[in-house]
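# Structural features, examined
This is what each chain is made of:
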Amino acid sequence: MPKRGRKENGGDKEGEWHQYKPWVQEEAPDVLCLQETKCAAPEVPPEVRALPGLPHQFWASPEGRPGYSGVGLLARHEPLSVTYGIVSPQGRARALLLRARALEAAPGGRGRAEAALGRALKLQPGLAPAWTRLGEARWRRGDLDGARGCFRGALAHGEDAEARRLLSMALRGGGALGESLAQAEAAVRCAPHDGRSWYVLGNAYVSLFFAGGQSPEAARRALGAYAQAEKIDPAAAANPDLHLNRATLLQYQERYGAALEGLARAAALAPDWAEPRMRHARLLDYLGRLCTLLSNRGKVRGKRLRGLLGSLPPSLLGPLGGSPALLGSLRLGANPGRALLGRVLFSLTPEERVPFTLGVADGAGAVAAVSVFNAAPSWGVLVGDALGLPEPRLRQHLVQHQGKTFSFLGIRVATPLALVVNGRRPPPLGRGPPPACSAPPPPSPAPPPPINGPC
């Protein structure tokens, strides 16, 4: 593409061709377009043909009408092709597509751009890139159904990875997660070496994870898609959205170190984007407050602490039955057939409200952070409540990031319905919402894909 160009009325007054030489020397355009040359090609003045740095010249004027109209194109580099004469409907359609691209970048030009795309499709209904850009235009003004229809229109005329990626995003925004995933997978098959396709596939799996039961397989596939995008495409590796979305999933999995690294990377790639910096600071604050509360046992001390921990009879396990295990007797990982009984010393909820975190001490005074996921907004426990945890899965967290270290024992609980509080199961109040996972925004104006290029 040319770096710089200029369009001029060239032949309004005889003898004024010389005025362009200083400008050409100073600006060094890649392309100079002249109109109203008012001369045939053999009559072009030699001082014009000698303009510095523009050796490739093409001239056209009406036959049989000397001195009327005329155009010229002067280029620094030889064009791939040049077409003379009246443009075909297909050529006009492509010109309208390029005009729409330019209008999208102009203030107040989006409506005119959408109109140009509509005219282009009337001239050439099979021009898939025009369907794609028209879909983007409709999405930006809130017509999600219209956008999806346009992306399907592009695919009706041939395979197109960009149309499939955009359709996947638009379907995900409308809640059609299964079809969104299918379109993302098709985009990868169409363009397996394009990191954008793998990125959209990762996003589709993340959405399916949060809305579809939090399947470990969906999480694994999402992380694999993001890793493949980074591996094959440097541009994808520099995409701050990729790092932010992956960090959202990693934080939900309590892989806090990797989540912090992802948020920091997103913030570094997009210094003006507030969200990754804010979430990075919030996660650091959450981990710092959690470790402080665990170390001082939620500021429950002395006689009150001894009283709470000294009154933990096995009957408080309620329907779990058996004898309670101490934290020190549990192994890291799963503990089938065991049940932990302790007292709630504090509760802590991050800004995102997931997870609902409890500090729990067993009868020997050992403490652990119990992360409760999928809790309804009305669910909660009080300091001093007895908490029974069946088959606790114990994890030693060690997070080192930017000179800070956070170390604590953690137990993850998928739902509060698995817990026993003061000897009783909690009432079935329903699952809480997953963490906020924003729908994809309308696409921003971007250069169109090649007009007739492969998918």
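Residues numbered from 1 in each chain as written. Predicted model: local features only at pLDDT ≥ 70, side-chain atom pairs only at ≥ 80, totals over all residues. Heavy atoms only, no water.

## Some words on the environment of Val 24
Going by this rule: Runs of H or I in DSSP of at least four residues are treated as helices and runs of E of at least two as strands, each being numbered from the N terminus. Exposure classes here rest on a 1.4 Å probe applied to the protein chains alone. A residue is buried below 20% of its type maximum, exposed above 50%, and partly exposed in between. In what follows, a contact means two residues having at least one pair of non-hydrogen atoms within 4.5 Å.
Relative to the helices and strands, Val 24 is located in helix H1 (residues 20–27). With relative accessibility at 2%, the residue Val 24 sits in the buried group. The spacing of Val 24 and Leu 54 is 30 residues in sequence and 8.9 Å in space, taken between C-alpha atoms. In contact with Val 24, other than residues within four places in its own chain, are Pro 29, Leu 32, Leu 51, Pro 52 and Leu 54.

## Quick look at the packing of aromatic side chains
Applicable threshold: When two rings of Phe, Tyr or Trp (its six-membered ring) have centres within 6.5 Å they constitute a pair, described as stacked for plane angles under 30 degrees, edge-to-face for angles over 60, and tilted for the intermediate range. Our definition puts a charge over a ring when NZ of Lys or CZ of Arg is within 6 Å of the ring centre and also within 35 degrees of the ring normal.
Counted under the stated rule, the structure contains eight aromatic pairs. Judged by centre distance (5.1 Å) and plane angle (75 degrees), the rings of Phe 209 and Phe 210 are edge-to-face. Of the two residues, Phe 209 and Phe 210, neither departs from the other in class, the shared state being buried. Taking the centre distance of 5.4 Å and the plane angle of 75 degrees together, the rings of Phe 356 and Trp 379 count as edge-to-face. Linking Phe 356 in strand E6 (residues 356–362) with Trp 379 in the loop between strand E7 (367–372) and strand E8 (386–390), this pair joins segments that are 23 residues apart in sequence. Overall, Phe 356 belongs to the buried group, its relative accessible area being 17%. Among the aromatic residues, those joined into a cluster by ring pairs are Phe 209, Phe 210, Tyr 252 and Phe 373. One cation-aromatic arrangement involves Arg 412 over Tyr 252; the distance from NZ or CZ to the ring centre is 5.4 Å. A cation sits over an aromatic face here: Arg 412 above Phe 373, 3.8 Å from the ring centre.

## Overview of the pattern of salt bridges
Under the convention used in this document: Every case where a carboxyl oxygen of Asp or Glu lies within 4 Å of a side-chain nitrogen of Lys or Arg is listed as a salt bridge.
Following the criterion strictly, the structure yields 18 salt bridges and no others. Asp 285 is the salt-bridge partner of Arg 289, the closest N and O atoms lying 3.0 Å from each other. With Arg 289 and Asp 285 both in helix H14 (residues 274–295), this residue pair falls four residues apart, about one helical turn. Residue Asp 285 is classed as partly exposed on the basis of its relative accessible area of 42%. Each of Glu 162, Arg 165, Asp 194 and Arg 196 takes part in one network of salt bridges that share partners.

## A word on the environment of Val 71
Structurally, the position occupied by Val 71 is in strand E4 (residues 71–75). A residue is classified by how much of its surface remains accessible, and Val 71, at 43% relative accessible area, is partly exposed. Each C-alpha atom, one on Val 71 and one on Glu 36, is 6.0 Å from the other, the two residues being 35 residues apart in sequence. If sequence neighbours within four positions are ignored, Val 71 has contacts with Leu 34, Gln 35, Thr 37, Phe 58, Trp 59 and Ala 60.

## Some points on the sheet that holds strand E9 (residues 394–401)
The cut-off we apply is this: Only strands joined by at least two bridges in the DSSP assignment are considered to pair. Angles here are taken between N-to-C directions and fall from 0 to 180 degrees, while the axes themselves are lines fitted to C-alpha atoms, restricted in helices to the stretch in contact.
The strand order across the open sheet built from seven strands is E9-E10-E7-E6-E5-E8-E11, with neighbouring strands paired in mixed fashion. With one partner strand each, in any of the chains shown, E9 and strand E11 (420–421) form the two edges of the open sheet. Two elements, E7 and strand E10 (residues 404–413), share four bridges in a ladder whose sense is parallel. Across the sheet, residue Ala 369 finds its bridge partner in E10, namely Gly 410. Where H14 meets the sheet, it contacts strand E5 (339–348), E6, E7, E9 and E10, and its direction lies at approximately 80 degrees from that of E10.

## Some thoughts on the packing of helix H3 (residues 89–104) against helix H4 (residues 110–123)
The following threshold applies: For classification, angles of less than 35 degrees are called roughly parallel, those exceeding 145 degrees roughly antiparallel, those between 65 and 115 degrees roughly perpendicular, and all remaining angles oblique. Two helices cross in a left-handed way if the nearer one is turned anticlockwise from the farther one by less than a right angle. They cross in a right-handed way if the turn is clockwise. Amino acid classes used here: Ala, Val, Leu, Ile, Met, Phe, Trp, Tyr, Cys and Pro are nonpolar; Asp, Glu, Lys and Arg are charged; the rest, including Gly, are polar.
At their nearest, the axes of H3 and H4 sit 8 Å apart, and the two run at 165 degrees to each other. In terms of their interaxial angle, H3 and H4 are classed as roughly antiparallel. When the axes of H3 and H4 are compared, the crossing they make is left-handed. Seen from H3, the contacting residues are Pro 89, Arg 92, Ala 93, Leu 96, Leu 97, Arg 99, Ala 100, Leu 103 and Glu 104; seen from H4, they are Arg 110, Arg 112, Ala 113, Ala 116, Leu 117, Arg 119, Ala 120 and Leu 123. Of the residues assigned to the contact of H3 with H4, the class counts are 11 nonpolar, no polar and six charged.

## Some details on the pairing of E4
Where strand E2 (residues 31–35) meets E4, five bridges bridge the pair, whose relative direction is antiparallel. Opposite Gln 35, over in E4, you have Val 71 as the bridge partner. The pairing of strand E3 (residues 56–60) with E4 spans five bridges and is antiparallel. In the sheet register, Trp 59 faces E4, and the bridge partner there is Gly 72.

## Looking at the pairing of E9
Pairing of E9 with E10 involves eight bridges; the strand directions are antiparallel. The residue bridging Arg 395 from the neighbouring strand is Gly 410, located in E10. Once E9 ends, the chain turns through two residues before running back antiparallel as E10, passing Gln 402 with a positive phi of about 50 degrees.

## Structural notes on unusual backbone geometry
Not every positive phi belongs to a glycine, and Lys 299 is a case in point at roughly 65 degrees. Tracing the chain through its elements places Lys 299 in the loop between H14 and helix H15 (302–309). For Lys 299, a relative accessible area of 58% puts it in the exposed group. Unusually for a residue other than glycine, Glu 391 sits at a positive phi of about 45 degrees. With respect to the helices, strands and loops of the structure, Glu 391 is situated in the loop between E8 and E9.

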